[in-house]
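# Fold and geometry: a report
The primary structure of each chain is shown beneath.
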Amino acid sequence: MIWAVMVEMAVGRVWASTGTGSRRVQQGQEALGRLVAQARGLQPGLRPWLRPFAFALLNWVFDVACLAASLWALGIGVPWHSLLLAYVLTQIPGSLCLTPGSLGIVETSLSALLVLYGLRPGPAIAATLLYRAVSYWALQPVGWACWLAITLHTGASGSPPRHSARRGSPTQL
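Residues numbered from 1 in each chain as written. Predicted model: local features only at pLDDT ≥ 70, side-chain atom pairs only at ≥ 80, totals over all residues. Heavy atoms only, no water.

Right, let's talk about the packing of aromatic side chains for a bit. Enumeration according to the criterion identifies 3 aromatic pairs in this entry. Between Tyr-136 and Trp-137 the ring centres are 5.0 Å apart and the planes differ by 85°, which places this aromatic pair in the edge-to-face class. Trp-137 gets classed as partly exposed once you look at its relative accessible area, which sits at 45%. For the pair Trp-144 and Trp-147, a centre-to-centre distance of 5.6 Å together with 80° between the ring planes defines the contact as edge-to-face. Of this pair, Trp-144 and Trp-147 both sit in helix α7 (residues 140-154), 3 residues apart, which is roughly one turn of that helix. With a relative accessible area of 49%, Trp-147 lands in the partly exposed category. A cation sits over an aromatic face here: Arg-132 above Tyr-136, 4.7 Å from the ring centre. (Phe/Tyr/Trp six-rings, centres within 6.5 Å; stacked < 30°, edge-to-face > 60°. Buried < 20%, exposed > 50% of the residue type's maximum accessible area, 1.4 Å probe, protein only. Helix = DSSP H or I, 4+ residues; strand = E, 2+ residues; numbered from the N terminus. Lys NZ or Arg CZ within 6 Å of the ring centre and 35° of its normal.)

Relative to the helices and strands, Ile-76 resides in the loop between α3 (47-73) and α4 (80-94). In this structure Ile-76 comes out as buried when scored by relative accessible area, which is 12%. Separated by 47 residues in the primary sequence, Ile-76 and Pro-123 place their C-alpha atoms 7.1 Å from one another. Once you skip the residues sitting within four places of it in the chain, Ile-76 turns out to touch Leu-71, Leu-119, Pro-123 and Ala-127. (Contact = heavy atoms within 4.5 Å.)

Dropping the structure here:
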């Protein structure tokens, strides 16, 4: 137990002396300190996880709906018996992030799975490319606009703006 206290004190001294030389390092230390304080204030339980789980589930449902709509838009019969399986199996290599945005990986795996489940290669590739154009590329300008707005709003201060603290918000922890 004494060695743990001694290690903690030594790490604390190194941590404090590191931030004295650079303003950026101090800002990083402060941000990390706020993150640790927020993480310590998290309360495990079912209710806090329901909202993120619901949003993730809705994201997947709308993504599958986008794939089905892409097939419908091209006049291709939707293989309902295998659509969900093809989507889920595509998410496995897509989540590995071997390329930025899993470009090429999602397209290849989804096209191959749609062909495997009964579509002809031409319509499968067309449906996959339309699906990716809507579900990935159409959202890129929105993401870049948000990034630009946050960057410009941050301004010269180098730190994000403080929002009014609501009850239970992470800024209160």
